[in-house]
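Coordinates in review
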Amino acid sequence: MSEKERKDLPDIEIGTAADMDEVMRKYDRESATRIWEGKPKLAVQVVSVLFSLYCIWSTLWSTSDLPIRLTAFLGLITIMGYLNYPARKGHVTPNAMPWYDVAIMILGAGSFFYYCLNYKNLVMVITSAAKIDPANPDAVAGAWFYLVLGVVGILCLAELCRRCVGLPILFVVGALLIYTFASGQSLPRVVYTLFFGTSGVMATPIQVCAKFIAVFIVFGAFLERTGISSFFIDLANCAAGSTSGGPAKVAVISSALCGMVSGSSVGNTVTTGSVTIPMMKKTGYKSEFAAAVEAAASTGGQIMPPIMGAAAFLMAQYMSTTYATVALKAILPALLYFTGIFLSVHLEAKRLGLQGIPRSQLPKFKLLIRSIYLLLPLVVLVWLVSTGARTLQFSAAIAIVLTILVSLPGIFKGSRVQHSEGFAAHAVKDLGAMIASSLEAGGRGCITVAVACSMAGMVAGCITVTGLASKLVNAVVNVSRMIPNESLAMFIALFLTMLCCIVLGMGVPTTANYCIMASTCAPILITLGIGKIPAHFFVFYFGIVADITPPVALAAYAGSAIAKSNPMKTGITATKLAIAAFIVPYIFAFNPAMLLVDTNPLQVVQIVITSLVGLFGVAAALNGTLFRKMNPLLRIVIAAGGLCMMFPDTLTDFVGLAAVAGVCLFEYFSAKKTKAA
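As the structure is a computational prediction, the values presented were derived from the model and not from experiment.

So, on to the side chain of Glu-440. With respect to the secondary-structure elements, Glu-440 resides in helix α20 (residues 423-466). When its relative accessible area of 16% is taken as the criterion, Glu-440 is described as buried. Not counting residues up to four positions away in its chain, the partners in contact with Glu-440 are Gln-45, Ser-48 and Val-49.

To continue, consider helix α14 (residues 287-300). The terminal C-alpha atoms of α14, which comprises 14 residues, lie 20 Å apart, in line with the 20 Å expected from a rise of 1.5 Å per residue. Of all the 14 residues making up α14, 13 are buried; the element is thus mostly covered by neighbouring parts of the structure.

In this section: the nonpolar core. Core analysis: the biggest nonpolar cluster contains 205 residues, and Phe-73, Tyr-337, Phe-537 and Phe-538 have the highest contact counts within it. When residues in this core are grouped by element, the largest group, 16 residues, is from α20. In this structure, Phe-73 is in contact with Phe-51, Tyr-54, Cys-55, Ile-206, Cys-209, Ala-210, Ala-214 and Ala-450, ignoring residues within four places of it in sequence.

It is at 9 Å that the axes of helix α3 (residues 38-61) and helix α10 (residues 204-224) come closest, and there the two elements cross at 135°. The orientation of α3 with respect to α10, classified from their angle, is oblique. Between α3 and α10 the crossing geometry is left-handed. The residues of α10 that touch α3, namely those facing Ser-52, Cys-55, Ile-56 and Thr-59, are Ala-210, Lys-211, Ala-214, Val-215 and Val-218. For the contact of α3 with α10, the residue count by class is six nonpolar, two polar and one charged.

The subject of this paragraph is a nonpolar patch on the surface. Residues Leu-488, Phe-491, Phe-495, Leu-496 and Leu-499 make up a contiguous nonpolar surface patch of about 430 Å² in total accessible area. By secondary structure assignment, the location of Phe-495 is in helix α22 (residues 486-504). With a relative accessible area of 37%, Phe-495 lands in the partly exposed category.

What counts and what doesn't
Residues numbered from 1 in each chain as written. Predicted model: local features only at pLDDT ≥ 70, side-chain atom pairs only at ≥ 80, totals over all residues. Heavy atoms only, no water. Helix = DSSP H or I, 4+ residues; strand = E, 2+ residues; numbered from the N terminus. Buried < 20%, exposed > 50% of the residue type's maximum accessible area, 1.4 Å probe, protein only. Contact = heavy atoms within 4.5 Å. Expected span 1.5 Å × (residues − 1). Core = buried A, V, L, I, M, F, W, Y, C linked by side-chain atoms within 4.5 Å. Axes fitted to C-alpha atoms, helices over the stretch in contact; angles between N-to-C directions. Parallel < 35°, antiparallel > 145°, perpendicular 65-115°, else oblique. Left-handed = near helix turned anticlockwise from the far one by under 90°. Nonpolar A, V, L, I, M, F, W, Y, C, P; charged D, E, K, R; others polar. Patch = residues over 30% accessible without salt bridge, like charges linked within 9 Å, V, L, I, M, F, W, Y side chains within 5 Å. Areas by Shrake-Rupley, 256 points an atom, 1.4 Å probe, with all protein chains shown as cover. Salt bridge = Lys/Arg side-chain N within 4 Å of Asp/Glu carboxyl O.

Written out as structure tokens, the structure is:
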């Protein structure tokens, strides 16, 4: 957003539905949808509702072969995708769908449905179709038919990706396809591998999406309609609203809580930011800082269990472990991330001398506790998954039913207030509307995730066909061997991997983001001696922070639109606030105990304490204020001390502690002496 565009924004109250929609449509492709009205709108809503019901049925009871379920899933996704997403973001004409969109939708969906309906007849043909025998006209004709079928399906899916996900991931796919053909692969083999096989469009990402993620997206849509986001914001206000610079701390806590069930950094930023950013500005924070706090905290929501932007299910598959294990190992790093932001916010509030919100204006805890039942679906879901009492799919289905039940008090109360007579009938009607709305939103929410997962599968397919992963691994290993110091060589390898993750993750949704990192970057680290779990967490973290790292910092830009701040300055400030996200992955890469790998409780406690002290040192250095304004030399000393505290070694811990404690004591007594004078 340019300076002129920012100034020209209408001066309306942030948080209104119109303003939130405007920001979401600008920075979140998922929200730039067609406008349907009347009967066409109802028809599109019915399609989304039926799709959600199909996903629930398919994951729980379908016994069809995997390719049949996946092609049916992708065919339905293609239909919904073109019904919802126009060719251009600025398309606002109601009930308008050009003929070419209808044609592309029919061709794309038809390709997948043809495969679905003729799967058993295609099995034998597909295995030999890549080898076209010129002497056999029938074989040539049949092979070329399937070749065209595959090309049409892939191109239609790629165009849908451009519309609802964006260009960055297509650039990655395009570059890899060029490399694949340049390496000597034929068009038939590439198409048959990417479209008909299980190493392309229907690879692990889309399998996990159809089996687990879709039903959890539907669950998230139900959960949103219980008002749990408002509950989290009120809870955060009760906990920290009255403290120094309270609104910023509320933003950190509420974004962490909302991020537990959100699958979008931008969506989380707009949802909670529409409330917290105006509060922060009113308290005295600068616009850039207020927007940056919300963006950094909302982006961190993607690494917060239990959902982790839906990537947790994919991580379990790639790391060959259980979902509960992934969620458990993610807790400590996520808490350190948010603690780092919280410390930065607190130091900034002290530097500016900001006050909190008067307690009289905060929600009453006694009233808030009455809504604690809204957490029941989440609690039950976590319990079912962690104990292994039910499968992931069945646990999500139970959680959906519980979400409907916890919605009943609010629905009946609202119906009683609005309709003094026959409120029960109105309540049933309202309940039906809530269920239909949730199913519709869940179905629409699956589109971008499924399309992104299919593109991520193509990335993995190209890498598999060309053997690019092993070539990258060999290149990095050869470079590392040139460096005599083993620790330094490992650090350089991690640093280069970090840069790759940030670049590849720019503008890419969480799920596809992780799939790309897991296919390209994680194998490099594993070969260099990093454990499988730390390697995958490392690439996941740095793929996520691309949402706040300029130049493509979508979450930061969304926050700046709400705060009417400079987008680039907001992105830079958000990157500084999220410094923990750039440090914590190095900690667990060198010391997997932070991820609860091969450790004991005492070691975990030690890591937590040293990491917290280290984060404080780095945050204080970046802020520049500790009891008073620090001079540059002391900022360098306390920053170095903080970094030493986070390196897993007893000697560096003592050196770091001495540096951080020494600077803190010096600043405290100096400030006290200045006041006395």
